[in-house]
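# Coordinates in review
Listed below are the residues making up each chain.
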Amino acid sequence: MNTLTALLILLFALMLIVGGTTGLKSYLSVILNACLVILVALLISWGVDIVWVGIIFIPLKLLTIIYLGTHDYAVAKNSFITALLVSVTIILTIIIFEHFAQAAGFGDQASEELVGLSLNVGISFPQISIIVTIFSTLGAIAEASVAMSAGLLELKRHDPNINRTQLLHNGNQVGTDILGTALNTILFGLFGSFLPLFIWYMRLNYSLFDILNDKLFISESMIIIYSFIGVLLTIPLTTYLLAHTLDKDNH
Amino acid sequence: MYLNKKILVSLAILITGIILASICYYSTSWATRPVGVITSNHIKDELVNKTEDSYKNNDEIRQQTMKVKVLSGKNKGKTYVVHNVYSPSQAVTYKYRPHQRVIVAFVKHKAKVMSPKRDWVLVLGFFIMLSILALLAGRHTIMLMASLVLNAVIFFFIIKFDIIENGTKTFLIYGLAVILFTFVSLLLAQGLNRKMLVTLLATLLGVFVSFGICYLIMRLTHESGIKYEAVDYATQDPRSLFLAQALLGVLGAVMDEATDIISSLHALAKHKASLTIREMILSGRTMGQEIMGPLINVLVLIFMAEALPMTILFLRDNNTLNYTFQFALSLGVIQSLISAVGIVLTIVFSTFCSIIFLKKKARR
């Protein structure tokens with residue numbers, strides 16, 4: 001048995017034991033999510049318009065993460081709307097910054113891996129880079145909005161008479177907690193994924209100027225920034241939307 | 001009043017950011033390579049030829065002709081006519097725009113444009129993020145930024161240490177890194193107290209136990225199917241590099257989850273004095289079930305999206321899906337799986353570590 005299969009089985013068993021039915025659904029959501037990434041790669045390589053791939057797959061991925069990941073329908077609905085709105089804002093931010101940074105495609109460091117591959121493949125790498133960047137941030141946005149909605153609805157459950165002002169105030173507190181931990185997830189996730197690159201910079205004695213202008217460094221750091229802006233926007237928006245919905249329910 | 005102060009601070013940060021980004025954009029004083037500016041108002045852009053590679057991918061080779069004025073270095077003040085060959089897909093080449101600032105190199109007295117100057121974009125992005133943060137989190141911003149900076153400093157020294165040891169002693173170096181990162185992040189976020197120590201314990205258990213189990217499985221299956229040669233940008237033993245990556249990758253999510261669960265259970269234990277062990281375990285489990293799916297997906301997306309450009313290129317160059325998966329994606333998938341195992345096990349550790357809160361209560 002190869003390692004990948006063994007790990008897949010281990011994860012399945014653990015999620016089933018710890019999570020029960022919810023665990024099973026979450027497992028499905030993770031597998032589906034990974035398959036969607038591969039499907040996106042396939043579609044783009046077949047020449048399907050990248051903009052359309054984005055328009056279809058971004059909401060689809062949010063749906064799989066949010067609806068399959070949590071079992072509370074009220075949490076899911078609110079999180080989905082928030083995450084979608086935030087994603088649109090972040091996409092616009094990404095498009096503007098990418099225009100100036102021109103950090104798409106492969107870095108100079110990848111030349112060894114690119115040997116033997118044809119690079120003039122007739123698809124737009126700047127567009128691919130926008131898809132990659134938005135995908136990297138989607139998870140963090142979805143997670144923050146689920147955590148936020150769940151936290152606030154929990155408050156409402158314990159104190160059904162909570163009013164709008166109190167909810168907004170409490171939202172702020174729950175939000176600050178989520179911010180700190182979300183930053184860690186994003187930061188260490190990217191430390192992990194780009195460790196070899198940082199070792200490369202140090203071994204080859206890149207100057208600070210070289211690093212700050214390096215394509216891969218900029219694209220990685222910008223992903224941290226977009227993700228974090230995404231999480232930041234998610235928090236007040238979730239609170240606001242939830243307070244609004246609860247208000248409507250009361251009338 | 002309070003809100004107004006927040007808006008003022010946030011605006012001040014934004015303006016500082018714009019000023020710093022402009023300085024970064026115009027200044028050449030700290031540049032270690034010659035910087036130039038494209039002075040042409042209109043860049044001549046002509047088709048050199050249309051290409052079709054052996055996989056029937058159609059593309060173009062185009063050439064831009066433009067004037068570049070050098071702003072720093074030996075040739076400061078001189079203007080050169082520069083040619084830039086690019087392809088519209090821009091996988092490794094760039095299409096330049098008029099009046100753009102660029103980094104220049106000289107090959108046999110001929111100027112060549114290497115890449116756009118990008119440093120100012122990062123400065124601007126960072127300060128925009130900081131200003132939104134200040135608006136929403138108020139004075140909490142200082143702690144979050146301190147945590148970010150301190151962790152970056154630790155990361156810097158860990159890499160230095162790794163280079164000195166030349167990629168050996170991976171477990172020692174990165175195990176130490178995990179402990180340091182966790183301690184510093186939690187100390188800044190929560191201060192030194194019992195809750196923080198419990199979170200620290202649960203996080204470290206989560207990282208090391210899950211990594212240990214996964215490593216054991218890797219050894220038992222003889223690490224078959226893991227293509228270490230596909231580790232990107234490896235300047236040292238790719239296997240140890242991959243293990244270090246996996247160890248760091250799992251840490252953030254595990255810490256995130258442990259903090260969430262333990263904070264809530266701590267609040268619950270404080271709120272409800274009659275809480276039993278059974279109720280607490282049930283509560284921790286329910287919360288964990290809710291968080292784990294989205295959290296695993298965060299990492300799956302980070303690790304897989306990163307490999308997407310290479311995956312598309314492989315597929316476009318007529319490689320089979322199987323081959324592409326093995327060489328471009330499988331490492332990311334295995335890394336996600338190791339993290340996922342960590343995330344699931346952390347639910348168990350966090351809940352059991354929280355029982356400490358109960359015992360103290362019962363004794364009173």
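Residues numbered from 1 in each chain as written. Chains lettered and ligands numbered in written order. Predicted model: local features only at pLDDT ≥ 70, side-chain atom pairs only at ≥ 80, totals over all residues.

The name an unreviewed UniProt entry assigns to chain B is Membrane protein, from the organism Lactobacillus colini.

The name given to chain A in an unreviewed UniProt entry is Membrane protein, with Lactobacillus colini as the source organism.

## Some words on the overall build of chain A
Formally: Helical segments are the DSSP runs of H or I of at least four residues, strand segments are the runs of E of at least two, and each set is numbered from the N terminus. In this scheme the burial state of a residue depends on its C-beta neighbours within 10 Å: 20 or more other such atoms mean buried, 12 or fewer mean exposed, and anything in between means partly exposed; the C-beta positions come from the backbone.
Check the secondary structure of chain A and you find 8 helices and 0 strands. Starting at the N terminus, the α and β elements of chain A follow one another as α-α-α-α-α-α-α-α. If one aligns the C-alpha atoms of chain A with their principal axes, the spans along those axes are about 65 × 45 × 35 Å. Burial status across chain A gives 53% buried among its 251 residues.

## Details of the packing of helix α3 (residues 140–165) of chain B against helix α4 (residues 170–190) of chain B
All names here are of chain B. This is how it is decided: Orientation is described by lines fitted to C-alpha atoms, with helices fitted over the stretch in contact, and by angles between N-to-C directions that extend from 0 to 180 degrees. Relative orientations are named as follows: roughly parallel for angles under 35 degrees, roughly antiparallel for angles over 145 degrees, roughly perpendicular for angles from 65 to 115 degrees, and oblique for any other angle. Working definition of a contact: two residues with C-beta atoms, positioned from the backbone, lying within 7 Å. Three categories are distinguished: nonpolar for Ala, Val, Leu, Ile, Met, Phe, Trp, Tyr, Cys and Pro, charged for Asp, Glu, Lys and Arg, and polar for the others, with Gly belonging to the last.
The geometry of α3 relative to α4 is characterised by a closest axis approach of 10 Å and an angle of 170° between their N-to-C directions. Between α3 and α4, the crossing angle belongs to the class labelled roughly antiparallel. Taken together, the residues of α4 that come into contact with α3 (itself represented by Met143, Ala146, Ser147, Leu150, Asn151, Ile154, Ile158, Phe161, Asp162 and Glu165) are Ile173, Ala177, Leu180, Phe181, Val184, Ser185, Leu188 and Ala189. Its residues placed into classes, the contact of α3 with α4 shows 13 nonpolar, 3 polar and 2 charged.

## Description of the confidence of the model for chain A
Let me state the cut-off plainly: Values of pLDDT, which run from 0 to 100, indicate the predictor's confidence residue by residue.
Across chain A, pLDDT averages 87, with 99% of residues at or above 70. Of all the helices and strands in chain A, helix α4 (residues 111–114) of chain A carries the lowest mean pLDDT, 78, while helix α1 (residues 3–45) of chain A carries the highest, 93.

## Thoughts on the nonpolar core
For the record, the criterion: Nonpolar cores are built from buried Ala, Val, Leu, Ile, Met, Phe, Trp, Tyr and Cys residues. These are joined into a set through C-beta atoms within 7 Å.
The biggest cluster of nonpolar side chains holds 167 residues, and the ones touching the most others in it are A:Ile128 and B:Val344. When near neighbours in sequence (up to four residues on either side) are disregarded, A:Ile128 contacts A:Ile44, A:Ile50, A:Ala104, A:Ile123, B:Leu308, B:Pro309 and B:Ile312. The next biggest cluster of nonpolar side chains, apart from the first, holds 12 residues, and it includes B:Val70, B:Val82, B:Tyr96 and B:Ile103.

## Concerning the packing of helix α5 (residues 125–158) of chain A against helix α8 (residues 308–316) of chain B
Viewed as axis vectors pointing N to C, α5(A) and α8(B) meet at an angle of 135°, and their least axial separation amounts to 10 Å. In terms of axis orientation, α5(A) runs oblique to α8(B). Taking contact as the criterion, the partners of A:Phe125, A:Ile128 and A:Val132 in α5(A) are, on α8(B), B:Leu308, B:Pro309 and B:Ile312. Residue composition of the contact of α5(A) with α8(B), grouped by class: 6 nonpolar, no polar and no charged.

## Notes on the interface of chain B and chain A
How big an interface is tends to be reported as the loss of accessible area on association of its parts. At the junction of the two partners, chain B supplies 110 residues and chain A supplies 101 residues. A per-element tally of the side of chain B that touches chain A places helix α7 (residues 277–306) of chain B first, with 20 residues. By residue class, the composition of the side of chain B that touches chain A is 64 nonpolar, 29 polar and 17 charged.

## Here's the deal with the UniProt feature "transmembrane region" (unreviewed entry) in chain B
All names here are of chain B. To keep things clear, this is the line we draw: UniProt positions are given in the numbering used here, feature names are shortened, and annotations may be inferred rather than shown by experiment.
Under the UniProt annotation, the feature "transmembrane region" (unreviewed entry) is placed at residues 6–26, 120–136, 142–159, 171–190, 196–218, 295–315 and 327–358. Taken as a whole, residues 142–159 contains 100% helix and 0% strand, while its terminal C-alpha atoms sit 26 Å from one another. Along residues 196–218, the helical share is 100% and the strand share 0%, with 33 Å between the first and last C-alpha atoms.

## Things to note about the confidence of the model for chain B
Residue and element names in this part refer to chain B. In this model, chain B carries an average pLDDT of 88, and 98% of its residues clear a pLDDT of 70 or more. When pLDDT is averaged over each element of chain B, helix α5 (residues 194–220) comes out on top at 94 and strand β2 (residues 44–52) at the bottom at 86. Of the two predicted TM-score estimates for the complex, the pTM is 0.91 and the ipTM is 0.90.

## Looking at α5(A)
All names here are of chain A. As a reminder of what qualifies: By definition here, a helix of n residues has an expected span of 1.5 Å times n minus one. What we call the bend at a residue is the angle made by axes fitted to the seven residues finishing there and the seven residues starting there.
In this model, α5 (34 residues) spans 50 Å end to end at C-alpha, consistent with the 50 Å of a helix rising 1.5 Å per residue. Roughly 30° is the biggest bend found in α5, and it falls at Thr137. Counting buried positions over the 34 residues of α5 gives 27, a clear majority of the element.

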